[in-house]
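Descriptive structure summary
Here is what each chain is made of, one letter per residue.
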Amino acid sequence: MSLDKLLVTGDPLILFSQIAIGLTMVGLVALITYLKRWKWLWNEWFTTVDHKKIGIMYIISGVLMFFRGGVDGLLMKAQTSRPDMEFLDAQHYDEIFTTHGVIMILFMAMPMLIGIMNVVVPLQIGARDVAFPKLNALSFWLFFAGAMLFNLSFVVGGSPDAGWTSYFPLAGKEFTPGVGNNYYAIALQIAGIGTLATGINFVVTITKMRAPGLKWMRLPIFTWTTFITSIIIVAAFPILTVALAYMSLDRLFGTHFFTVAAGGDPMLWLNLFWLWGHPEVYIVVLPAFGMFSEVIATFARKNLFGYKSMVFAVVGIAFLSMLVWVHHFYTMGNSAAVNSIFSLTTMMIAIPTGVKIFNWLFTLRKGRIEFSTSMLWALAFIPCFTIGGVTGVMLAMAAADYQYHNTMFLVAHFHYVLIPGVVFAVFAAVYYWWPKMFGFKLNEKIGKWHFWLFVIGFNFTFMPMFFVGLDGMSRRMYTYSESTGWGAWLGFSALGSLVMAAGFAAFCYNIYWSFRYADRNVGSDPWNARTLEWATASPVQHYNFAKVPEVDSLDDFWYKKKAGKLGLKKSDIKPIHMPSNSWTPIFISVAFGIVGFFLVFEWFTLAIISSVLIIIGLIANTFDYDDGYHIPAEEVEEEEREWRGELE
Amino acid sequence: MKAMKKLAYIFTLLLIPVLLAGCDSKLIVFDPKGPVARNLSDLIVYSIIFMVIIVLIVFVLFGFIIWKYRARKDDGDFEPEEEEGNHVLEVIWFLIPIAIVIALMIPTAKTIYEVEDIPQGYEEEEPLVIHVTSADWKWIFSYPEQGIETVNYLNIPANHPVQFKMTSAGTMQSFWVPELGGQKYTMANMQTNLFLVADQEGSFYGRNTSFNGRGYAHMDFEVQAMSNDDFNEWVQDVKNTANDLTEDEYSELLKPTVIGRKTYNGTHLEWIDHAHGGSEQYIDSDLYEIHHGEEGSSSEEEEAEDAEQETNDNAEQESEQSTDSSTHEGHSHH
């Protein structure tokens, strides 16, 4: 294979990125070497099995991917800002909307949410770590290897270009012969294995590792949503695994599961993809509901209104999420009966969702609402998500969907669901739990700039899309003529996206500013919160809890705080058993990444040779008899004294 | 904070002309030109009424609550009371959405069944059958009874039911003429059906909405609804002047290109119906290879070539104005 086929050449935009990426890499390596941080990075981060550090690495990756996906979005907005624009050609535009979708859903939303789950859930249930700490590290590194492999496509070989849904036959080799869609199949597969392991890990963690007395109906609502989400992951991700395996076989080995030639069935792909893809929507949105619930309860200074109905609503949504996938292809010629049934199941999701909205409103009612930045995100979610929700019901009506399907109306709808439902939640959660992770608050003033710019920009970006959709503009069109009359709408939308980008820039600046200047004396419970994670130091000690807490009620921490019963007795401190760091997760994941890369290019000999690395890693892991180590009681005592003062 | 409020204010002012621009001409989905689209449009308007009510209730409640219960400097140490929840309220906001879902579901199901059939009032007439074959990146319309075929434009008699039998020669597409009715996918080795009626004469915009590669944005067509006499006259005209469609010409046509309008005597259904397999013999993967940033890799050049070819073709007189077909000449509803 010649070099010009390997490297993407010819496009000035991509050439510029190649240089930028190259320089950044060299710069990073040089900087770390200069600061002599390699050993520290390896010992403290790359080999860590600590759920909090893994969570933070997930969040950092998510923010980086948000930047990448956001730039993709801005490029698309620039291209459609005016009729007959010649900024991107069709091919480049196709690649950009494909990677924008994949990155935002799988490599931004997922790691952000899983990152926050990782940091918070073990703390909320009073555990020292997740059930399988080493598997947790493997999950992260597999996700990371998948994400990096996917991003590599940008400069090496060519990006996937069949849409984030990769519909066959288009995604088959006969219509997209390059390596782009191989990247899609293989990078998603690697990351997907990691996610599936996370799902299993959290199901077990929440089932088995709750503190004494923490009965199911005393679980904080975020832990509840994480638990249900993990169950959906375990149910849905194997379907993606199978679908991607078929896709890889079709593309790499010439089978015909989905291709037109030799009797393959493209509809099989649609069914498998959406059997995973629709639950995936709830995988990203349910934990977000949990985050909002925590934030709203804390800053309204009230317990969550209708806790039980909230739990049942989440379970109901999870159940229904598996029964609605056909609404993604009402227009493929189903019988009227099939479309009617899936219309009904889809609309039914609005019922538990409506219950949640009203429960949130009634949590706020008679409260004492404090407009912290975190709370602002949670509040803005309610009206914005309502618009997303009602347009979702409109789309659910199959007959009406014949007019909305594949149009900008749909694009506007899902951005109105996913941005308030996921991105707002992530921002709320980051501001809320930041002190838990780093021991200081993010700046509230810059945070408010971040909030207003982003929310205003968001509405101005996506509101016009409802109208161009109803005016006949289909999604994924890289250009349109003046006579369509869409120019004004889309120009306005492009301006909105710049405001949104300014909001994100304010967020990045906030992180920088706060790391440098923020007040380090915020205490362990800066928001006067209700749940168990605030019972321990900020930032949390390596071992989470000096003594595993005992729980007597829902919001136990809140009541014990009121009653002044949070002290720690010296006699309660025992040596704490912790798992050791391990090099095998990162090693196995890098090996997966290398094998994946060779598979993308169909260099099978190299792939087979390098897959030996995976096997070496697995064998090494099998013979790893390290049972962890004990933190001596004196050390724990010392650490506890540091933030609690003298112990009782 | 003040600066931010100002910003929000300026943006709201900016939005007004945009919203007004949308109002002075009807959005295409709300401007139906046939019974199917009218049926859908009515259903959409009906649902919007419910949605506006829901949104208003939530917004008003939301605004009222966060205003009334905001933390104030002068509220001292006011500590809100804990609230378990309220079964009556929770049951109420569980039952109301159920009622709304029922209220939406009944007309939805009714409409689904209606749009899958010949529209009411036209059942007596024998529908005109048109085979739709979507290819990369063009629409091929075959009139088997008339023995003619058109590319990228569609003439139909007004006030007469048309049955579309739709399939694809390769990738998946979606056939959509929003002013006449809802869309439906076209898929290789499969046939989907769609009934449409235009109850007035005119020119309507149609396009593919299912992404299928580089030429996708240009994959649109014009639907011209004309009187019965004009339609018959047009058919006669085609039969007298258009070239015969040959198999060679047809396989040339199926190559992935963006082209203008074409008209043929005879239909490709005589030798292949893509609804029943055989598409693979026309698919040449080499033509789908991409070359980043290279001049000529985009569809424009191919398009120009074809346009040239077309003007040389004297059978194309009725579509001469459309040599620049990629500029959406069909979409002129504003």
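Here, residues in each chain are numbered from 1, in the same order as that chain's written sequence. Chains carry letters and ligands carry numbers; both start at the beginning, A for chains and 1 for ligands, and go up in the order they are written. In keeping with the predicted nature of the model, local features appear solely for residues at pLDDT of at least 70, side-chain atom pairs appear and are counted solely at 80 or more, and the whole-chain, interface and lining totals rest on all residues. Processing note: side-chain calculations cover all non-hydrogen atoms of the structure and skip hydrogens and water entirely.

**Brief notes about the overall build of chain A**
Note the cut-off: In this text, helices come from DSSP runs of H or I with a minimum length of four residues, and strands from runs of E with a minimum of two, each type numbered from the N-terminal end. The reference for a compact globule is 2.2 Å times residues^0.38; the radius of gyration itself is calculated from the C-alpha atoms. Three exposure classes are used, based on accessible area relative to the maximum for each residue type with a 1.4 Å probe and protein chains only: buried under 20%, partly exposed in between, and exposed over 50%.
Along its length, chain A carries 21 helices and 2 strands. For 648 residues, the compact-globule estimate of 2.2 N^0.38 gives 26 Å, and the C-alpha radius of gyration of chain A, at 25 Å, lies within 12% of that figure. Referenced to the eigenvectors of the C-alpha coordinate spread, the extents of chain A come out at roughly 75 × 60 × 45 Å. Here chain A holds 648 residues, and 67% of them are scored as buried.

**Re the confidence of the model for chain B**
Residue and element names in this part refer to chain B. As a reminder of what qualifies: Here pLDDT means the predictor's own confidence in every residue, given as a number from 0 to 100. Whether two residues touch is decided by their heavy atoms; if any such pair falls within 4.5 Å, the residues are in contact.
For chain B, mean pLDDT is 84; residues scoring 70 or higher make up 79% of the total. Below pLDDT 50 for its whole length, residues 295-334 participates in 74 contacts with residues either more than four positions away or in separate chains. With pTM at 0.92, the complex prediction returns an ipTM value of 0.92.

**Some points on the sheet that holds strand β9 (residues 202-208) of chain B**
Residue and element names in this part refer to chain B. Note the cut-off: Following DSSP output, two strands are said to pair if at least two bridges run between them. The angle between two axes is taken between their N-to-C directions and runs from 0 to 180 degrees, where each axis is a line fitted to C-alpha atoms and a helix contributes only its stretch in contact.
Taken in spatial order, the 5 strands line up as β4-β10-β9-β6-β7 in an open sheet, and their pairing is mixed. This sheet does not close on itself; its edge strands, each paired only once, are β4 (153-157) and β7 (184-186). Averaged over all pairs of adjacent strands, the angle between their axes in this sheet comes to 25°, without regard to strand direction. Pairing of strand β6 (residues 173-176) with β9, which is carried by 2 bridges, proceeds in the antiparallel orientation. Opposite Phe-175, over in β9, you have Asn-208 as the bridge partner. Set on the sheet, helix α4 (residues 228-241) makes contact with β4 and β10 (220-226); between it and β4 the angle comes to about 135°.

**Considering unusual backbone geometry**
Excluding glycine, most residues fall at negative phi; most peptide bonds, likewise, are trans. Here the residue pair Phe-168 of chain A and Pro-169 of chain A is connected by a cis peptide bond, since its omega of 0° sits within 30 degrees of zero. Along the polypeptide, Pro-169 of chain A turns up in the loop between α6 (133-152) and α7 (180-208). Cis geometry is adopted by the peptide bond preceding Trp-137 of chain B, which originates at Asp-136 of chain B and carries an omega value of -10°. Secondary-structure assignment places Trp-137 of chain B in the loop between β1 (128-135) and β2 (138-143).

**Observations regarding the UniProt feature "domain: Cytochrome oxidase subunit II copper A binding" (unreviewed entry) in chain B**
Quick note on the threshold: UniProt positions are given in the numbering used here, feature names are shortened, and annotations may be inferred rather than shown by experiment.
With numbering aligned to this structure, UniProt lists the feature "domain: Cytochrome oxidase subunit II copper A binding" (unreviewed entry) at residues 125-237 of chain B. Secondary structure content for residues 125-237 of chain B is 9% helix and 50% strand, while the C-alpha to C-alpha distance between its ends is 25 Å.

**Side note on the packing of aromatic side chains**
All names here are of chain A. Put simply, the test is: For this analysis, a ring pair means two rings from Phe, Tyr or Trp (six-membered ring only for Trp) whose centres lie within 6.5 Å, classed as stacked if their planes differ by under 30 degrees, edge-to-face if by over 60, and tilted for the remaining angles. Placement of a positive charge over a ring is assigned whenever Lys NZ or Arg CZ falls within 6 Å of the ring centre and within 35 degrees of the normal to the ring plane.
Under the criterion given, the structure shown has 97 aromatic pairs over all chains. Both rings, one in Tyr-183 and one in Phe-601, keep their centres 6.2 Å apart while their planes meet at 85°; by these two values the pair is edge-to-face. Taken together, the residues span a long stretch of sequence, with Tyr-183 in helix α7 and Phe-601 in the loop between α19 (584-600) and α20 (604-622) at a distance of 418 residues. Across the pair, Phe-601 and Tyr-183 agree in class, each one buried. Here Trp-377 and Phe-451 contribute two aromatic rings whose centre-to-centre distance is 5.0 Å and whose plane-to-plane angle is 80°, an arrangement assigned as edge-to-face. Taken as a pair, Trp-377 in helix α13 (residues 373-396) and Phe-451 in helix α16 (residues 444-470) lie far apart in primary sequence, 74 residues in all. The same class applies to Trp-377 as to Phe-451, namely buried. Against the face of Trp-216 rests Arg-210, its NZ or CZ located 4.1 Å from the ring centre.

**What to know about the UniProt feature "transmembrane region" (unreviewed entry) in chain B**
Following the UniProt record, one finds the feature "transmembrane region" (unreviewed entry) at residues 44-67 and 88-106 of chain B. Secondary structure content for residues 44-67 of chain B is 100% helix and 0% strand, while the C-alpha to C-alpha distance between its ends is 34 Å.

**Comments concerning the environment of Val-295 of chain A**
Residue and element names in this part refer to chain A. Position of Val-295 relative to the elements: it lies in helix α9 (residues 266-300). The spatial distance from the C-alpha of Val-295 to the C-alpha of Ala-425 is 9.4 Å, given a sequence separation of 130 residues. Discounting residues that sit within four places of it in the chain, Val-295 has contacts with Ser-374, Met-375, Ala-378, Ala-428 and Tyr-432.

**Describing the sheet that holds β1 of chain B**
Remark on secondary structure: sheet strands pair via backbone hydrogen bonds, oriented parallel or antiparallel. Residues and elements named next belong to chain B. Strands sit in the order β8-β5-β1-β2-β3-β12-β11 across an open sheet of 7 strands; the sheet is mixed. With one partner strand each, in any of the chains shown, β8 (192-196) and β11 (243-244) form the two edges of the open sheet. Here β2 pairs with strand β3 (residues 148-151) via 4 bridges, running antiparallel. Within the sheet, the bridge partner assigned to Ile-140 lies in β3 and is Val-151.

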